[in-house]
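# Tertiary structure, described
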Amino acid sequence: MFREAVRLLEHHQIARMRRGPGGGLFVFEPSAAAVSDVAAIYLARHGMRLSDLAEVRTGVEVAIAGLAAARIDDEGVMAIKKALDREAKTPQEEQADVVHDLHAAVAAAAGNRVLELVALVFIRLSLIYQIERLAPPAREQIQAEVLRTHEGIAAAIESGDRELARHRMRRHLDALGALMR
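Since the model is a prediction, treat every value here as computed from it, not as a measurement. Counting from 1, residues in each chain are numbered in the order their sequence is written. Only residues with pLDDT of at least 70 get local features here, since the model is predicted, and only at 80 or more are side-chain atom pairs given and counted; chain-wide, interface and lining totals rely on the full set of residues. Remark: hydrogens and water are excluded; side-chain values derive from all non-hydrogen atoms of the structure.

Attention now moves to the environment of alanine 65. Here alanine 65 shows up in helix α3 (residues 50-71). Owing to a relative accessible area of 0%, alanine 65 belongs among the buried residues under this scheme. In this structure the C-alpha to C-alpha distance between alanine 65 and valine 77, which are 12 residues apart in sequence, comes to 13 Å. Residues within four places of alanine 65 in sequence aside, it is in contact with Val106, Ile157, Ala165, Arg166 and Met169. Only DSSP runs of H or I reaching four residues or more are called helices, and only runs of E reaching two or more are called strands; each is numbered from the N terminus. Buried means the residue's accessible area, taken with a 1.4 Å probe over protein chains only, is under 20% of the maximum for its type, while exposed means over 50%, and partly exposed covers the values in between. Any two residues having at least one pair of non-hydrogen atoms within 4.5 Å are treated as being in contact.

A few words on the packing of aromatic side chains. Here the aromatic set is Phe, Tyr and Trp, taking the six-membered ring for Trp, and pairing holds for ring centres within 6.5 Å; pairs whose planes are under 30 degrees apart are stacked, those over 60 apart are edge-to-face, and all others are tilted. Within the structure shown, the criterion is met by 0 aromatic pairs. Definition used: whenever NZ (Lys) or CZ (Arg) falls within 6 Å of the ring centre and also within 35 degrees of the ring normal, the charge is taken to sit over that ring. A cation sits over an aromatic face here: arginine 18 above phenylalanine 26, 4.5 Å from the ring centre.

To count toward a patch, a residue needs a relative accessible area above 30% and no salt bridge. Like charges then connect within 9 Å, nonpolar side chains (Val, Leu, Ile, Met, Phe, Trp, Tyr) within 5 Å. Areas reported here follow the Shrake-Rupley algorithm with a probe of radius 1.4 Å; residue values treat only the protein chains shown as occluding. For this analysis, a salt bridge means a side-chain nitrogen from Lys or Arg found within 4 Å of a carboxyl oxygen belonging to Asp or Glu. Side chains of Phe2, Met17, Leu25 and Val27 sit close together on the surface and give an oily, nonpolar patch of about 390 Å² of accessible area. Take methionine 17: it is sitting in strand β1 (residues 15-18). Assessed through its relative accessible area of 34%, methionine 17 is described here as partly exposed.

By nonpolar core is meant a set of buried Ala, Val, Leu, Ile, Met, Phe, Trp, Tyr and Cys residues that side-chain atoms within 4.5 Å join together. In this structure, Ile64, Ile80, Leu102, Val106, Leu125, Ile157 and Met169 are the most contacted members of the largest nonpolar core, which totals 32 residues. Breaking this core down by element, the ones donating at least two residues are α3, α4 (74-89), α5 (101-109), α6 (113-133), α7 (136-158) and α8 (162-180). For this core, the element with the most residues is α3, which contributes 9 residues. Not counting chain neighbours up to four residues away, the residues in contact with methionine 169 comprise Glu61, Val62, Ala65, His103, Val106 and Ile153.

So far we have only geometry, and geometry alone does not tell us how the molecule works.
The structure is reproduced here in structure tokens:
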């Protein structure tokens, strides 16, 4: 039982067991990825409905887009551009791995670590469910439009237009939410 617990902590990069002299169990500060994975697993195991995810994610990410537009700095602009570039250059069959990068970059640019963590949980849950729920033709249709939409959101944030950023993020997530129901 103890070994299983240690393996779980090692898997989430929270602890590491070292053998030999000076060895033992070493505990690390949990990363946002580890926390978001655990929260996502918890919600998925407790019967989270996709409509619940879409509803809450939209509200939170719309607020994040507004904050990002108000607080954007050079570092945030670069992170957003990097996410868009990665998305544009990634082959369609690998898009599921990068399509949420813009959302993570926008959350980081908002400058609120709590909202960023919440957004990362939503992203993780979306990744779990989008891959399992959407048929390949639906994924292709979405991917054809998402980059253009992401570019519009990024442009609004980079220009500091809070209302336009919020509007574009709401429309984007409402459209995706409708497909996930």
